[in-house]
Amino acid sequence: MSAGLLGCALGLLAVAPLVGRTIGSALTTGLLRVAGAVTLGAAAFPLAEVRGGATDPVHMACAAVGYVALAVLPLVAATALRRSGRRGAVPAYAVGVLASVCLVLTVPLHDVSGGLQRVGLTSSLVWVCVTAVRRGGGGA
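Residues numbered from 1 in each chain as written. Predicted model: local features only at pLDDT ≥ 70, side-chain atom pairs only at ≥ 80, totals over all residues. Heavy atoms only, no water.

Caption draft 1: Inspection of the overall build of the chain at higher detail. Scanning the chain from N- to C-terminus turns up 5 helices and 0 strands. Moving toward the C terminus, one meets the helices and strands of the chain in the order α-α-α-α-α. The C-alpha radius of gyration of the chain comes to 15 Å, within 12% of the 14 Å expected for a compact globule of 140 residues. Along the first, second and third principal axes, the C-alpha atoms of the chain reach 50 × 30 × 20 Å. When each of the 140 residues of the chain is scored for burial, the buried share is 38%. Sequence-distant contacts, at least 24 apart, represent 62% of the contacts inside the chain between residues at least 6 apart. About 7500 Å² of surface is accessible on the chain, with carbon and sulfur atoms providing 71% of the total. (Helix = DSSP H or I, 4+ residues; strand = E, 2+ residues; numbered from the N terminus. Rg over C-alpha atoms; globule rule 2.2 N^0.38 Å. Buried < 20%, exposed > 50% of the residue type's maximum accessible area, 1.4 Å probe, protein only. Contact = heavy atoms within 4.5 Å. Areas by Shrake-Rupley, 256 points an atom, 1.4 Å probe, with all protein chains shown as cover.)

Caption draft 2: Broad picture of the nonpolar core. In this structure, Leu-12, Ile-23, Leu-32, Leu-73, Trp-127 and Val-128 are the most contacted members of the largest nonpolar core, which totals 21 residues. Contributing elements (two or more residues each) for this core: helix H1 (2-23), helix H2 (26-44), helix H3 (56-84), helix H4 (89-105) and helix H5 (113-136). When residues of this core are assigned to their parent elements, the largest contribution, 8 residues, is made by H3. (Core = buried A, V, L, I, M, F, W, Y, C linked by side-chain atoms within 4.5 Å.)

Caption draft 3: Examining a nonpolar patch on the surface more closely. Taken together, Val-97, Val-101, Leu-105, Leu-109 and Val-112 make up a surface patch of nonpolar side chains, about 370 Å² in accessible area. Turning to its location among the elements, Val-112 is positioned in the loop between H4 and H5. (Patch = residues over 30% accessible without salt bridge, like charges linked within 9 Å, V, L, I, M, F, W, Y side chains within 5 Å. Salt bridge = Lys/Arg side-chain N within 4 Å of Asp/Glu carboxyl O.)

Caption draft 4: Expanded view of the packing of H2 against H3. Look at H2 against H3: their axes get within 8 Å of each other, and the N-to-C directions meet at 160°. The orientation of H2 with respect to H3, classified from their angle, is roughly antiparallel. The two elements H2 and H3 cross, and the hand of that crossing is left-handed. Note on element contacts: H3 touches H2 through His-59, Cys-62, Val-65, Gly-66, Ala-69, Leu-70, Val-72, Leu-73, Val-76 and Ala-77, opposite Leu-27, Thr-28, Leu-31, Leu-32, Val-34, Ala-35, Val-38, Gly-41 and Ala-42. In terms of residue class, the contact of H2 with H3 is made up of 15 nonpolar, 4 polar and no charged. (Axes fitted to C-alpha atoms, helices over the stretch in contact; angles between N-to-C directions. Parallel < 35°, antiparallel > 145°, perpendicular 65-115°, else oblique. Left-handed = near helix turned anticlockwise from the far one by under 90°. Nonpolar A, V, L, I, M, F, W, Y, C, P; charged D, E, K, R; others polar.)

Caption draft 5: Local environment of H1. When the terminal C-alpha atoms of H1 are compared, their 30 Å separation across 22 residues agrees well with the 32 Å that a helix rising 1.5 Å per residue should span. When the local axis directions of H1 are compared, the greatest deviation, roughly 40°, occurs at Val-15, which is followed within four positions by the proline Pro-17. Among the residues of H1, those classed as buried are Leu-5, Ala-9, Leu-12, Ala-16, Val-19, Gly-20, Thr-22 and Ile-23. Immediately downstream of H1, the backbone of Gly-24 shows phi near 85°, a positive value. (Expected span 1.5 Å × (residues − 1). Bend = angle between axes of the 7 residues up to and from the residue.)

Caption draft 6: Expanded view of the side chain of Thr-28. Structurally, the position occupied by Thr-28 is in helix H2. The exposure class assigned to Thr-28 is buried, which follows from its relative accessible area of 0%. In contact with Thr-28, other than residues within four places in its own chain, are Val-19, Gly-20, Ile-23, Leu-73, Val-76 and Ala-77.

Below, the structure is given as C-alpha cells:
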C-alpha cells in the first residue's frame with residue numbers, strides 16, 4: 001500500500017503544474033500539490049496492523065487533508081473552466097460532487113467507509129489523469 005501511495009503522490013506532484021496551467025487556476029495547482037505532499041505523508045506513516053498504532057494519527061490526518069483536496073479539486077477546476085467558457089466544467093462538477101458526497105458519507109456510514117473512499121478518490125484521480133492527458137495533449 002505504501003508503494004501505491006508513493007506512486008500516486010509522485011504522479012500528483014508531477015501533473016500539478018500541467019493541470020493547473022491548462023485549467024487556468026493556480027488554486028488547482030495548489031490543491032494537487034497539497035494532495036501529493038500529504039499522500040507522501042500517508043505513505044511515510046502507514047496505518048498499524050492493529051488500530052491505535054503510533055503512526056495512525058499522522059496517517060489519518062494526511063489522508064483526510066488529501067481526500068478533501070482531491071474532492072474539492074474538480075469543483076475548483078469546474079468553476080475556472082466555466083468562467084473561461086471552456087469545455088469540461090460539467091464532468092468536473094459531477095466528479096467533484098460524487099467525491100465530496102462520498103467523503104461526507106464516510107463518517108456516518110463507517111461500515112462502508114472504505115468502499116466510499118475508493119469510489120470518491122478513484123473518481124477524482126481518474127478525472128486528474130484524464131484532464132492531464134487531454135489538456136497536455138492539446139485536447140479541450
